[in-house]
Amino acid sequence: MNYINLFKIALKAIAANKMRSFLTALGIIIGIASVITMLAVGQGTKLSIQASISEMGSNMIMIHPGADRRGGVKQDASSMETLKLDDYQAIKDECKYIKAISPMVSSGGQFIYGNENTPSSIYGVNQDYLDIRQISISDGEMFDDGDIKTSAKVCVLGQTVVDNLFPDGSEPIGKIVRFNSIPFRVIGILKKKGYNSMGMDQDDLVLAPYTSVMKRILAQTYLSGIQCSAITEEATEYATSEIREILRRTHRLKDKSHKTDADEDDFNIRSQEELASMMNNTTNMLTILLGCVAGISLIVGGIGIMNIMYVSVTERTREIGLRMSVGARGIDILNQFLIEAVLLSVTGGVIGVIIGVSASYAIQTFVHWPIAIQLWTIVMSFAVCTFTGIFFGWYPAKKAANLDPIEALRYE
């Protein structure tokens, strides 16, 4: 018996029991649709987080003071004074793997203009900060080296601060706003970036020369941090290592010797690549978990196929005996029932893919969750549903192939 005839017989058997065939394939349909939808949501979330991290800056490297112990008590890292302007200058002069670098100090408080006020943060930086954080000026200009040298009281406003201080839509450029009691002249407006996927408003900030914030607001000589960007993403690791060597030297930290252990770093270095890797690991685990949960329904669907095929073998025992009595071999009977099981699985898989893709786009449209349907998820779904049909259909098919023809003909 050739495979074309076996295929036709399998189609007739499925068509003869439409409702039972549909219910048999329903488990596969639900399983495939669930796997595609869950993986689309998981991959979409991962890509959204990666995009948010990229928006924060280009190959960014963040240097912050490290926590220290004083009298056996561990101090808050934010109160440490280990980062100085000399460190910033040394990194700027010596590190060959960075293309932009900015010192950073910050303070939170109330911005006031006329009768309007809004809480926000002021960041003391230099011009490179725009390149590092991928920010641009939409109106006006950025402060220059002269403003930094003279600790000028000038600032650049984020769009959220502009909206809160100038709700009537008046022109902010040239106006004087006060941060607590200190006046700053507005010389520029930052281009709107909106919220990132973590719900942070990227426009709720004010930039000013770092010297102005250090001297006129904080009255301090140390930095809250240093931010820089590597020349390429691949160079981030080299830049991080080079920065660590420079800071250990400028901080006079001892290396390990045969007599003493190495001094611990009194600073922390974090890169965008490290953050992205950490987030990717988290989202990958979430995606795998979602896929495994959805995959359980595939197993349930496979068990359904096996049960229905058992019933089909029992109902068609006389038919099997008749075919074997006129020359059909056991392998032909085995192939016949395997083809039926695979047809049910693949048909359920096709319907499941359509439903899964539709459900994914429905989630994106109505729930506004990010999705990413990738080709490998559809290919994997078809592979799994075909394997499910073969795996769970083989045992009932084997039972049918092993029936004794005479006993099968006598079966009532």
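What counts, and where the lines are drawn
- The numbering scheme is per chain: residues are counted from 1 as the chain's sequence reads.
- Reporting in this predicted model follows two pLDDT cut-offs: at least 70 for local features of residues, and 80 or more for side-chain atom pairs to be given and counted; totals over whole chains, interfaces and linings ignore these cut-offs and use all residues.
- Water and hydrogen atoms were dropped before computing side-chain values, which therefore reflect all heavy atoms in the structure.
- Here a salt bridge means any side-chain nitrogen of Lys or Arg lying within 4 Å of a carboxyl oxygen belonging to Asp or Glu.
- In this description a helix means any DSSP run of H or I spanning at least four residues, a strand means any run of E spanning at least two, and both kinds are numbered starting from the N terminus.
- Using a 1.4 Å probe on the protein chains alone, a residue whose accessible area is under 20% of its type maximum counts as buried, one over 50% counts as exposed, and one in between counts as partly exposed.
- In what follows, residue pairs with any heavy atoms lying within 4.5 Å of each other are defined as contacts.
- Helix axes use the C-alpha atoms of the stretch in contact, all axes being lines fitted to C-alpha atoms, and the angles between their N-to-C directions lie in the range 0 to 180 degrees.
- Just so you know how the angles are binned, under 35 degrees is roughly parallel, over 145 roughly antiparallel, 65 to 115 roughly perpendicular, and the rest oblique.
- Left-handed describes a crossing in which the near helix is turned anticlockwise from the far one by less than a right angle; the clockwise case is right-handed.
- Gly is placed with the polar residues, together with every amino acid not listed as nonpolar (Ala, Val, Leu, Ile, Met, Phe, Trp, Tyr, Cys and Pro) or charged (Asp, Glu, Lys and Arg).
- By convention a nonpolar core is built from buried Ala, Val, Leu, Ile, Met, Phe, Trp, Tyr and Cys residues, the set being connected through side-chain atoms within 4.5 Å.
- DSSP-based pairing: two strands are paired if at least 2 bridges between them are found.
- Within 6.5 Å between ring centres, the rings of Phe, Tyr and Trp (the latter by its six-membered ring) count as paired, and their orientation is classed by plane angle as stacked under 30 degrees, edge-to-face over 60, tilted in between.
- What goes into a patch is any residue over 30% in relative accessible area without a salt bridge, connected to like charges within 9 Å or, for nonpolar side chains (Val, Leu, Ile, Met, Phe, Trp, Tyr), within 5 Å.
- Each accessible area is a Shrake-Rupley estimate made with a 1.4 Å probe; only the visible protein chains count as cover when residues are assessed.

Asker: Hey, could you run me through the pattern of salt bridges in this one?
Answerer: For side chains bearing opposite charge, pairing can occur when the charged atoms are close. Enumeration according to the criterion identifies 5 salt bridges in this entry. Note that Asp203 and Lys192 form a salt bridge whose closest N and O atoms lie 3.8 Å from each other. On the criterion of sequence distance, the pair formed by Asp203 in the loop between β9 (182-190) and β10 (206-209) and Lys192 in the loop between β9 and β10 is long-range, its members being 11 residues apart. Among the ionic pairs, Arg244 bridges to Asp265, the shortest N-O distance being 3.2 Å. Here the residue Arg244 occupies a position in helix α8 (residues 236-250), and Asp265 occupies one in the loop between α8 and β12 (267-271), the gap between them amounting to 21 residues. You can call Arg244 partly exposed: its relative accessible area is 31%. Put simply, Arg244, Arg248, Asp255 and Asp265 are held in one network by salt bridges that share partners.

Asker: When you look at helix α7 (residues 210-218) in this model, what are you seeing that I'm missing?
Answerer: One turn of an α-helix holds 3.6 residues; hence residues three or four places apart share an orientation. Listed as buried for α7 are Tyr210, Thr211, Ser212, Val213 and Met214. The secondary structure elements touched by the buried residues of α7 are α3 (85-94), β4 (98-113), β5 (116-125), α5 (145-149), β9 and β10. One or two positions beyond α7, positive phi appears at Ala219, with a value near 50°.

Asker: Looking at this structure, I do not really get the packing of helix α10 (residues 317-325) against helix α11 (residues 330-367). What am I missing?
Answerer: Between two packed helices, what matters for the description is the angle formed by their axes and the separation of those axes. For the pair α10 and α11, interaxial distance at closest approach is 10 Å and the crossing angle is 140°. Taken together, α10 and α11 sit at an angle that is classed as oblique. The chirality of how α10 crosses α11 is right-handed. On α11, the residues that touch Glu319, Ile320, Arg323 and Met324 of α10 are Ile333, Gln336 and Phe337. Its residues placed into classes, the contact of α10 with α11 shows 4 nonpolar, 1 polar and 2 charged.

Asker: Sorry if this is basic, but what is going on with the packing of α11 against helix α12 (residues 375-401) here?
Answerer: As a packed pair, α11 and α12 sit with axes 7 Å apart at the nearest point and diverge in direction by 150°. Here α12 runs roughly antiparallel to α11, going by the angle between their axes. Both α11 and α12 take part in a crossing whose hand is right-handed. Counted by class, the contact of α11 with α12 contains 17 nonpolar, 7 polar and 1 charged residues.

Asker: In this structure, what is going on with the nonpolar core? I would like to understand it.
Answerer: Across soluble globular proteins, nonpolar side chains show a tendency to be buried alongside one another. Ile63, Ile91, Phe143, Leu157, Leu207 and Ile243 are the most contacted members of the largest nonpolar core, which has 55 residues in total. Tallying contributions element by element places β9 first for this core, with 6 residues. Not counting the four nearest positions on each side in its chain, Ile63 is found in contact with Leu83, Ile91, Gly225, Ile226, Cys228, Ile243, Leu247, Asn268 and Ile269. Residues Val313, Met324, Leu334 and Phe337 belong to the second largest nonpolar core, which totals 22 residues.

Asker: In this structure, what is going on with the environment of Arg249? I would like to understand it.
Answerer: Position of Arg249 relative to the elements: it lies in helix α8. A sequence separation of 162 residues divides Arg249 from Asp87, and the C-alpha atoms of the two residues are 9.8 Å apart.

Asker: Could you clarify how one ought to interpret unusual backbone geometry in this entry?
Answerer: It is generally the case that most residues other than glycine have a negative phi and that most peptide bonds are trans. Even without a glycine there, the phi angle at Asn180 is positive, about 60°. The class for Asn180 is partly exposed, based on a relative accessible area of 41%. In this structure, His368 is a non-glycine residue whose phi angle is positive, near 65°. Summarising the element assignment, His368 is placed in the loop between α11 and α12.

Asker: What exactly am I supposed to notice about the pairing of strand β11 (residues 225-230) here?
Answerer: The side chains of a regular strand alternate between the sheet's two faces. Of all the 6 residues making up β11, 6 are buried; the element is thus mostly covered by neighbouring parts of the structure. Burial of the side chains of β11 extends over both faces: Gly225, Gln227 and Ser229 are buried on one face and Ile226, Cys228 and Ala230 on the other. Here strand β1 (residues 60-65) runs beside β11; their pairing, made up of 4 bridges, is antiparallel. By the bridge assignment for β11, Ile63 is matched with Ile226. Across 6 bridges, the pairing between β4 and β11 is antiparallel. For Ile98, the partnering residue across the bridge sits in β11 and is Ala230.

Asker: Help me out: how do you make sense of the packing of aromatic side chains in this one?
Answerer: Each pair of aromatic rings is reported with the distance of its centres and the angle of its planes. Across all of its chains, the model carries 4 aromatic pairs by this definition. With centroids separated by 5.6 Å and ring planes inclined at 25°, the aromatic side chains of Tyr97 and Tyr238 adopt a geometry described as stacked. Placement of Tyr97 in the loop between α3 and β4 and of Tyr238 in helix α8 is noted, with a sequence separation of 141 residues between them. Taking relative accessible area as the criterion, Tyr238 reaches 54% and is therefore assigned exposed. Between Phe111 and Phe179, the ring centres sit 4.8 Å apart and the planes meet at 50°, which makes this aromatic pair tilted. Of this pair, Phe111 sits in strand β4 while Phe179 sits in strand β8 (residues 176-179); the two residues are 68 residues apart in sequence, bridging distant segments of the chain. The exposure class of Phe111 is buried, given its relative accessible area of 1%.

Asker: What is the right way to look at a nonpolar patch on the surface in this model?
Answerer: Taken together, Met19, Phe22 and Leu23 make up a surface patch of nonpolar side chains, about 330 Å² in accessible area. Tracing the sequence through the fold places Phe22 in helix α2 (residues 18-56).

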